[in-house]
Amino acid sequence: MENNKESVARLFEKAKTDMAADMQSRGIGAIIWDNATAGFQNLPEVTVTCGDNREKTEVRQVMGLYRYEGTLYLIEEDVAPVNFNDFWNPDTEAAPTVVTLSEDIAIKDLGNPTTQKGYTTQGSLEEWTAIADCYFQALAQD
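All figures in this text were calculated on a predicted structure; none of them were measured in a lab. (Residues numbered from 1 in each chain as written. Predicted model: local features only at pLDDT ≥ 70, side-chain atom pairs only at ≥ 80, totals over all residues. Heavy atoms only, no water.)

Description of the overall build of the protein chain
A count of helices and strands for the protein chain gives four helices and six strands. Rg of the C-alpha trace for the protein chain: 15 Å, near the compact-globule value of 14 Å for 142 residues, within the 12% margin. Principal axes of the C-alpha set define a box for the protein chain whose edges measure 60 × 35 × 30 Å. When each of the 142 residues of the protein chain is scored for burial, the buried share is 42%. Considering only contacts in the protein chain between residues 6 or more positions apart, those separated by 24 or more positions represent 70%. (Helix = DSSP H or I, 4+ residues; strand = E, 2+ residues; numbered from the N terminus. Rg over C-alpha atoms; globule rule 2.2 N^0.38 Å. Buried < 20%, exposed > 50% of the residue type's maximum accessible area, 1.4 Å probe, protein only. Contact = heavy atoms within 4.5 Å.)

As structure tokens, then:
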């Protein structure tokens, strides 16, 4: 019989896989939001283990999700080489709250998340649940 911890871990991975599948079905390679204007009920944050020897943890705000080669990555605000303002033209467009990128554009603009700082798959079930809620709220604003 599967113990509760294994069951929760399995459900957690299924939830992330389902969210990645939802993004794929919508043609979204990445979704990026402006935390300052999004008005989310929960602040999208993740606790990451970092440092050379993985000796410290930091809480980082999440500014979006990036689906890359079947894996869903959180985009860490002010760490990932992503600037929300690069995805719209302030001279001709009103400032968006949410930007979605197709898979091709996401790969072109965001690159390989496994070779850059600021992308993570870390986080607790509770953190990912809050981020999933932000994802669906962001879709409603897009």
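Back to the text.
Re the side chain of N35
Among the structural elements, N35 can be located in helix α2 (residues 35-38). Residue class for N35 comes out buried when judged on its relative accessible area of 17%. Within the local environment of N35, its side chain forms a polar contact with the side chain of E77, the two groups lying 3.5 Å apart. Among all residues touching N35, those that are not within four sequence positions of it are F40, P44, Q61, V62, M63 and E77. (Polar contact = N/O pair within 3.5 Å; in protein donor to acceptor, adjacent residues only side chain to side chain.)

Quick word on unusual backbone geometry
You will see that E69, though not glycine, has its phi angle at about 50°, which is positive. Along the chain, E69 turns up in the loop between β3 (56-68) and β4 (71-76). The backbone of D78 shows a phi angle near 65°, a positive value even though the residue is not glycine. Tracing the chain through its elements places D78 in the loop between β4 and β5 (98-101). Residue D78 is classed as exposed on the basis of its relative accessible area, which comes to 75%.

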